[in-house]
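Structure at a glance
So you can see what is in the structure, the chains are spelled out below.
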Amino acid sequence: MVLRMTGIRKRFPGVVALDDVDFRLLPGEVHALMGENGAGKSTLIKVLTGVYGVDAGEIELAGEPVSFTGPAAAQRAGVSTVYQEVNLCPNLSIAENILLGREPRRFGRIRWAPMRRRAEELLARLDLELDVSAPLSAQSIAVQQLVAIARALDVDARVLVLDEPTSSLDSHEVDRLLAVMRTLRDEGMAILFVTHFIDQVFAISDRMTVLRNGKLVGEYETAEITPVELVTRMIGKELATLDELEQVRPERTVREELLRAEEVGRAGGIEPFSLGIQRGEVVGLAGLLGSGRTELARLLFGADHADQGTIRVDDKPVSLRTPRAAIARGIAFCSENRKTEGLVEDLTVRENIALAVQASRGWTKPLSRKRQEEIAESSIKALDIRPANPEAKVGELSGGNQQKVLLARWLITEPRLLILDEPTRGIDIGAKTEIQKLVTRLAAEGMAVVFISAELEEVLRLSDRVLVLRDRQVVAQLDNDALTPEQIMATIADGGAE
Amino acid sequence: MTTLTASRQRYLPIIATFALLVGAYGFGAAQYEAFASGQVVLNILIDNAFLLVVAIGMTFVILTGGIDLSVGAVVALSTLVSARLLAAGVSPLVVLVLVLVIGGTLGLGMGAVIHYFELQPFIVTLAGMFLARGLCYTISVESISITDGFFTTMAQTPVSLPGGMHVSTSVVIAVIVLAVAAYVLHFTRLGRTVYAIGGSEQSAMLMGLPVARTKITVYAISGLCSALGGVLLAFYTLSGNALHAVGMELDAIAAVVIGGTILTGGTGYVLGTVLGVLVLGIIQTLITFDGTLSSWWTKIVIGALLFVFIVLQRLVSRRAR
Ligand SMILES: Nc1ncnc2c1ncn2[C@@H]1O[C@H](COP(=O)(O)OP(=O)(O)OP(=O)(O)O)[C@@H](O)[C@H]1O
Ligand SMILES: [Mg+2]
C-alpha cells in the first residue's frame, strides 16, 4: 500500500470537514474520491499534502508515518498534486509555471532554452501545442488547468493527486488526460482522482472512496457498483433524473428579439459574427478549447469591446464598451474564472451575492442590511449553498459552493440576458440538475440565456439553438431539435461546411 | 502574434520611461549648452549611486509584493557606524564587513517577523525604520566626519572613461550590484521565486516553492543593499550623520515604480529601476541648471515634474497598446 490515512479528523471554525475518515491507495491504481460539494474531498487532499494540519489521525506513506509541513515537503516525498483551483502564477510564462522549482540549471544558472523544450514536451504529452514563453494570464482556464496538470506530471512521483482536473476541459482533452493517467497507472503510479463527472469515474477508476458530509461512506470496487448506486451513496438519497427537463422546455409563443449583433468581431479575439437572441431563448455555445466561446461572450458583455460591427438591444443601437454599459441594459455575465474575475474571497457569502445588485443600483443607494440578508437567504436556499450561513467567508467554501455563490449573484439581478460561462464547473451532479432546471425556468419566464459549457450534453439539454464555434469563428447556427453531441462534433470537425 | 504583443506589453513601461528620459535629456540639451555633454549623465549617476543601490534592493522587495520603509534609516545608520568606527581607528575593511552584516541582519529580522507573524511589511519595516533611526542618535547626534585614508581615496579617485569622461568608484560598485541583481532575478531559482510570490503567494506555496525562505531573503537583500548604499553615501559625503537619507525610502520606492515595477508585485525589471533613478536625477539636474529656483521651490518643481512624467509615461504606454 502506498498511502494509508486512518481516523483523519479536521475541523474548521464551525464545521467538521473530516470526521474519522479512512483512506487507502494502492500502487498502480486510479482511485476516485467521490462526494457532493463540501463533502470534504479537497480538505482530505490538503491534509494529505500538509497544507492543513490534522486534528486527529495518522498518515502513512509506503509504511512510514509522515506529517508534511507543506506541499514542498509532500512533493519531495513523491506526492505530486494538482489542487482544485488553478494554483499557478499568472504573471509568469507557461514554461515557468510548469517547471518552477525544477528548472534545468547549470552551476545554479537557469537554462532557459532546455526549460522551454522540456515544457513543450510535457504539454505534448497532453496533446497541447502552445507558445510556452507566453504569460499564463493570457490563457483560458482550460489551458491553465492543463498547465497545472503538466506541472504535476513532471515530478517523479509515487502518488499523483488530481483534484477536479477535468472541470473545464472538453472531451478531447479529457480523453487525452485519461490516456496519460492509464499509462502512469500501468507504470505503477498511484493516482487519486476527484471529479463530478460520473462517466469519467467509470471510464478510468479501479476503486473509489465515497465521502458524505465529512464522513466516510465506504470504499468500492468500480466493477462492483453501478452509477446509480454510486450517486445514491454520494447524496444519501435517490437522485431525481433529468428526463423531465425535456418536457419543461416550453414552446415559446412570443418571438421578440432582445439583442442583435451584426458582424460584431474583435481582432485577435473572434471573427465577425451575426447573432440574434430572443426573449426566453437559451442559446448554447459549443466548441472546443480555444474556439472563442468566452471571447464571444465577453464582447456581448462589453468586457472586451468589439472593433467592428453593431449591437442592437431592443432594436436600438448600443455601445457596449464597458460591463457597466451592458449591466445597465440588463445584461449579466457569470465568468468562468471565479477566482480572479468573480468572487471576493475575503467577503462573506451575503456580501458577494449582494455585489451585483448593489452595483446596478449605484453606490449612492446602498441596499439595507436586512434586504441583503433576505437576498442571501433565498439564494442559499435556491441553490443549496453549504454551509447555509450567509456570514461565512467565500474563501472558506468548497469549490462547488463558491461557484453557486457566483451564480446566485447574477441570478438575483434579474437580468434580461444572462450569459453563463461554464456555470456548472465543479458542481456536483445533484446541484447541477438544480441549476439546469433553474435556467430552464428562468427562460420560460422570459429571460434570454447564453449558455457556455465544455460538456456538450449539457448544452444540448438546455439550448433552443446552438452556435458552433471553431478557430474563433462561428461556423454554424443549429436549431436544437434532437441534436446529438455527435452531430455537433461532426459540425466542428468539418467546420460547418455541411 | 499574441505572444509578440504580450512580451512587448511587458517591456512597455520600460520603453516608455526610456523614451521620456531621452526626451528630457534632449530638452535639457536644447536649453543649456553644457547639458549636452555626456558627463552630465554620468554626473547624475555619480550623485545617485547610493540611491541606485538602495533602489535595487527595494526592487526585490516590491517584486514580491512587499515594501521596505526602513532603507533610509539603515543608510543613515550605516554612515554613522562607519564614521564612528573609523574614528575609533578600526580597519576600514572590518568596518565595511560589519556594516553590511548589520544591514543584512536587520533586513533578515524584519523579513522573519513579516513572514512568521503574518504581519504587514508596511508596519514592520516602519518599526524597523524608527529602530534604525533611533540607533543613529544613540551613536551620535552630531555629524562625524570621515578622514580615513581608504574612504577618502574611494571618494576622490575618479575612474576614467574614454572620451575624457569619468565616474566615481561608487558608480562602478553600483553597476556591479545592478549586474548581480539582474542575474539573480532572471537566471536563478531565487529570482524566479521572487516573481512567483509576487504573482500569487498562495499559489507559490501550493506549487511547493520555498516561500518562507525567499520572502525573508528578499528583506535581507534590501537590508544589505541599504547598508552598501550607506557606505557609498559615506564615500560621497565623507561623513556619518543621523540626518542623512531622510525620506530616501520614498525616493527609492518612486524610482522602482517609475521604472515600471508594479507595487502589488510580480512584474517589473531591475533595469527599469535604473531608469527610474535616472529620471529622478535628471529632473534634479534640470532644476540645478536653471539655477533660479530657491531650495523649497526645487521640491515643488520636482513634484510637479514627476507628476507630468508619470502621466506622460502612462499615456505613452496606453497609446502603444
Ligand atoms: N479554509 C477553510 N475554512 C473554513 N471552512 C473550510 C475551509 N476549507 C473548507 N472548509 C469547509 O470544509 C467543508 C469541506 O470542504 P471541501 O473543500 O473539502 O469540499 P469538497 O468535497 O472538495 O467540495 P467541492 O466538490 O465543492 O470541491 C466545507 O463545508 C467547507 O465549507
Ligand atoms: Mg473540492
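Residues numbered from 1 in each chain as written. Chains lettered and ligands numbered in written order. Predicted model: local features only at pLDDT ≥ 70, side-chain atom pairs only at ≥ 80, totals over all residues. Heavy atoms only, no water.

In the annotation of an unreviewed UniProt entry, chain B is listed under the name Permease component of ABC-type sugar transport system and assigned to Kibdelosporangium persicum.

An unreviewed UniProt entry lists chain A under the name ATPase component of ABC-type sugar transport system, from Kibdelosporangium persicum.

Residues and elements named next belong to chain A. Not every one of the 21 residues close to ligand 1 is listed here, only the nearest: Gly38, Ser42, Thr43, Ser398 and Gly400. One of the backbone N or O atoms of Gly38 is found 2.8 Å from an oxygen atom in ligand 1. Elements that contribute at least two residues to the shell around ligand 1 include exactly β2 (15-25), α1 (41-48) and α15 (399-411). The leading source of residues in the shell around ligand 1 is α1, at three residues. Partitioned by chemical class, the residues of the shell around ligand 1 number seven nonpolar, ten polar and four charged. Domain assignment of the residues forming the shell around ligand 1 places at least three in each of domain 1 (3-238) and domain 2 (257-494). (Near = heavy atom within 4 Å. Polar contact = N/O pair within 3.5 Å; in protein donor to acceptor, adjacent residues only side chain to side chain. Helix = DSSP H or I, 4+ residues; strand = E, 2+ residues; numbered from the N terminus. Nonpolar A, V, L, I, M, F, W, Y, C, P; charged D, E, K, R; others polar. Domains from an automatic or database assignment.)

In this section: the coordination of the magnesium ion (ligand 2). Residue and element names in this part refer to chain A. Within the protein, the atoms that donate to the magnesium ion (ligand 2) are Ser42 (OG) and Gln84 (OE1), at distances of 1.9 to 2.1 Å. Here the residue Ser42 occupies a position in helix α1, and Gln84 occupies one in the loop between β6 (79-82) and α3 (94-99), the gap between them amounting to 42 residues. Judged by its relative accessible area of 12%, Gln84 falls in the buried class. (Donors = N, O, S within 2.8 Å, 3.2 Å for Na, K, Ca; no water. Buried < 20%, exposed > 50% of the residue type's maximum accessible area, 1.4 Å probe, protein only.)

A word on the interface of chain B and chain A. Contacts between the two partners involve 22 residues from chain B, matched on the other side by 28 residues from chain A. Buried area between chain B and chain A, summed over both chains or domains, comes out near 2200 Å², and the portion from carbon and sulfur atoms is 59%. Ranking the residues of chain B by area buried against chain A places Arg189, Leu206 and Met207 of chain B at the top, with a combined share of 34%. Our enumeration of links across chain B and chain A arrives at two salt bridges. Two residues, Arg192 of chain B and Glu96 of chain A, come together in a salt bridge whose shortest N-O distance is 2.6 Å. Run the count over chain B and chain A and you get ten residue pairs in polar contact (both at pLDDT 80 or more). Taken together, the elements giving at least two residues each to the side of chain B that touches chain A come down to α1 (2-31), α7 (169-187), α8 (189-199) and α9 (201-206) of chain B. Residue contributions to the side of chain B that touches chain A peak at six residues, all from α8 of chain B. Of the residues in the side of chain B that touches chain A, the class split is nine nonpolar, ten polar and three charged. (Contact = heavy atoms within 4.5 Å. Buried area = accessible area lost by both parts, 1.4 Å probe. Salt bridge = Lys/Arg side-chain N within 4 Å of Asp/Glu carboxyl O.)

The next thing to look at is the domain arrangement of chain A. Residue and element names in this part refer to chain A. Partitioning chain A into structural domains gives domain 1 (3-238) and domain 2 (257-494). If you average the C-alpha positions of domain 1 and of domain 2, the two centres end up 28 Å apart. Listed by partner, the interface residues are 26 residues for domain 1 and 25 residues for domain 2. Summed over both sides, the interface of domain 1 with domain 2 buries roughly 2000 Å², with 52% coming from carbon and sulfur. When the area that domain 1 buries against domain 2 is broken down by residue, the three leading residues are Asn37, Glu85 and Ile141, summing to 30%. The interface formed by domain 1 and domain 2 contains one salt bridge. A salt bridge links Glu36 to Arg386; the nearest nitrogen and oxygen atoms lie 3.4 Å apart. The interface formed by domain 1 and domain 2 holds five residue pairs in polar contact (both at pLDDT 80 or more) in total. Among the elements of the structure, α5 (141-154) and α6 (171-186) are those that each provide at least two residues to the side of domain 1 that touches domain 2. The leading source of residues in the side of domain 1 that touches domain 2 is α5, at five residues. Across the side of domain 1 that touches domain 2, the residue classes break down as ten nonpolar, eleven polar and five charged.

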